[in-house]
Amino acid sequence: AAGMGGFFCGVIANETMFKNGNIENGTVTFFKTACFLMTVWLEYLILKCYSLEFEMLEISGKTVSGTGFFKAFSMSKLFRPCIRDMLICVVHPMPLVDGTVQIFGMGKYFPYSFTSFAMFLMLFRVWVLLPRFLTEISGLRNEKTRLVGLINNVNVSNRFIMKHLLNASLPTLSTVFLSIVLTLAYGMVISERPEGDSTDLDDYENSVWVIIITMTTVGYGDTYPKTPLGRAIAIFASLIAIVVVALVVNTVTERLSLTRDESKVDTTADVFFSIFVPPFWTICYHCLSMTRCAVCG
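The residue numbering used here restarts from 1 in each chain and proceeds along that chain's sequence as written. Given that the model is predicted, a residue must reach a pLDDT of at least 70 before its local features are reported, and side-chain atom pairs must reach 80 or more before they are shown or counted; all residues, however, enter totals for whole chains, interfaces and linings. Excluding hydrogens and water, the side-chain values take into account all heavy atoms of the structure.

Participant: Quick question: what am I supposed to make of the overall build of the protein here?
Facilitator: In this text, helices come from DSSP runs of H or I with a minimum length of four residues, and strands from runs of E with a minimum of two, each type numbered from the N-terminal end. A count of helices and strands for the protein gives 12 helices and 2 strands. Of the regular secondary structure in the protein, the N- to C-terminal order runs α-α-α-α-β-β-α-α-α-α-α-α-α-α. Exposure classes here rest on a 1.4 Å probe applied to the protein chains alone. A residue is buried below 20% of its type maximum, exposed above 50%, and partly exposed in between. Burial status across the protein gives 34% buried among its 297 residues. Pairs of residues are marked as contacts when any of their non-hydrogen atoms sit within 4.5 Å. Taking as baseline every contact in the protein between residues at least 6 positions apart, the subset at least 24 positions apart corresponds to 65%. Each accessible area is a Shrake-Rupley estimate made with a 1.4 Å probe; only the visible protein chains count as cover when residues are assessed. Within the structure as shown, the protein displays about 18,000 Å² of accessible surface, and the carbon and sulfur contribution to it stands at 67%.

Participant: Help me out: how do you make sense of the packing of helix H8 (residues 170–192) against helix H9 (residues 204–215) in this one?
Facilitator: The angle between the axes and the distance between the axes are what describe a pair of packed helices. To obtain an axis, a line is fitted to C-alpha atoms, over the contacting stretch when the element is a helix, and the angle between two such axes runs from 0 to 180 degrees between their N-to-C directions. Interhelical geometry of H8 versus H9 gives an angle of 125° and a closest axis separation of 8 Å. Here H8 lies oblique to H9, going by the angle between them. Two packed elements cross with a definite hand, and for H8 against H9 that hand is right-handed. Mapping the contact onto sequence places Phe177, Ile180, Val181, Leu182, Leu184, Ala185, Tyr186, Met188 and Val189 in H8 and Tyr204, Ser207, Val208, Ile211, Ile212 and Met215 in H9. Here roughly perpendicular refers to angles of 65 to 115 degrees, roughly parallel to angles under 35, roughly antiparallel to angles over 145, and oblique to all remaining angles. For any pair of crossing helices, the crossing counts as left-handed if the nearer helix is rotated counterclockwise from the farther one by less than a right angle, and right-handed if it is rotated clockwise.

Participant: Would you mind showing me how to read the packing of helix H2 (residues 26–59) against helix H5 (residues 114–137) here?
Facilitator: Running from amino to carboxyl end, H2 crosses H5 at an angle of 35°, the nearest separation of the two axes being 14 Å. As for the relative orientation of H2 and H5, their crossing is left-handed in sense. Facing H2, whose interface residues are Lys32, Cys35, Thr39, Leu42, Cys49, Tyr50 and Glu53, H5 presents Thr115, Met122, Arg125, Leu129 and Arg132. Here the residues of the contact of H2 with H5 are counted per class, giving 6 nonpolar, 2 polar and 4 charged. Residue polarity is assigned by list, with Asp, Glu, Lys and Arg as charged and Ala, Val, Leu, Ile, Met, Phe, Trp, Tyr, Cys and Pro as nonpolar; anything else, Gly included, falls into the polar class.

Participant: Where do I start with the pattern of salt bridges in this structure?
Facilitator: Think of it this way: side chains of opposite charge can pair up when their charged atoms draw near. The term salt bridge refers to a side-chain nitrogen of Lys or Arg lying within 4 Å of a carboxyl oxygen of Asp or Glu. Scanning all chains against the criterion turns up 6 salt bridges. Between Lys32 and Glu24 there is a salt bridge, and its shortest N-O distance comes to 3.2 Å. For Lys32, a relative accessible area of 0% corresponds to the buried category. Among the residues examined, Glu24 registers a relative accessible area of 23% and is labelled partly exposed. Here Glu195 makes a salt bridge to Lys108, at a shortest N to O gap of 3.4 Å. Pair noted here: Glu195 is in the loop between H8 and H9 and Lys108 is in strand S2 (residues 108–113), with a separation of 87 residues, a long-range link. Judged by relative accessible area, which is 41%, Lys108 ranks as partly exposed. In the salt-bridge network here, residues are joined through shared partners; they are Glu53, Arg84, Asp85 and Arg132.

Participant: Would you take a moment to explain the side chain of Glu43 for this structure?
Facilitator: Structurally, the position occupied by Glu43 is in helix H2. Residues scored as positive are Lys and Arg, those scored as negative are Asp and Glu, and His as well as the terminal groups of each chain are ignored. Of the buried charged residues, Glu43 lacks a salt bridge, with Arg125 as the closest side chain of opposite charge at 6.0 Å. In contact with Glu43, other than residues within four places in its own chain, are Met86, Cys89 and Val90.

Participant: Got a minute to help me understand the packing of aromatic side chains in this structure?
Facilitator: Given two aromatic rings, their pairing is described by the distance between the two centres and the angle made by the two planes. Ring pairs are drawn from Phe, Tyr and Trp, using the six-membered ring of Trp, whenever the two centres fall within 6.5 Å, and their geometry is named by plane angle: stacked under 30 degrees, edge-to-face over 60, tilted for the rest. Per the stated rule, a full pass over the model turns up 5 aromatic pairs. For the ring pair Phe30 and Phe31, a centre distance of 5.2 Å and an interplane angle of 80° mean the geometry is edge-to-face. A relative accessible area of 55% places Phe30 in the exposed class. Summarising the aromatic geometry, the rings of Phe124 and Trp127 are spaced 5.4 Å apart at their centres and angled 85° between planes, so their arrangement reads as edge-to-face. Taken together, the residues span about one helical turn, with Phe124 and Trp127 both in helix H5 at a distance of 3 residues. Given a relative accessible area of 40%, Phe124 falls into the partly exposed group.

Okay, structure coming up:
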């Protein structure tokens, strides 16, 4: 809630500031402040979450003993993911702080406000928090699954649960696909705004269209990104689509595959129809003409 709430507050602040000519007013400052407070809360929750996971590792005897908490934590496998998540999630539009970021590419500079550029980087926050949210609501993180994992020497982590959900749950896969499309489309909008009236991708609906046809490898070419950041998003969308499409094909194939009992029934039905139901090509054509022949008697 803190992470996504801060993201949406940042979106409102960025859109309000853009419509106001990139000038910060009271509304923008209010939503930036709310984004800042939620980000601080999120950083605390990340630390608390990783400290609880570290305690679970201590109980299972998978940490360095005989040292202090901070040293043992820094030597554990949780240290790098914790630092990574905190660095990704700390990025946000700061209240009363703004300026211009110049991105060079394609022979010229493209100006972005600090707020817009921070919102572009905040897209990574969604991709970090979404898997954790999906694993928590799945109900698979409990003492029973942890015990089964310990027996089989498997760490029932967020990564393991997410791999299971992506292979077994079509709603989870659909949620991930939809989240990727919506966030990349908003990133495309932010990236293409320096082009002004010479691009159609500053409109959110057009950006969603481009991301979808890019991920499905259709690529009509009726509209395309004209900035370095926009083209980077298009490249990322085409690459991530390889994984997403493969997962969709695998999941749909699993859903349509027959079980062992269904295969037995299917085989029996094939035998029955082959004996008692003649194929359509053995039906006498003359019978359809209301005449009699040797086949139908």
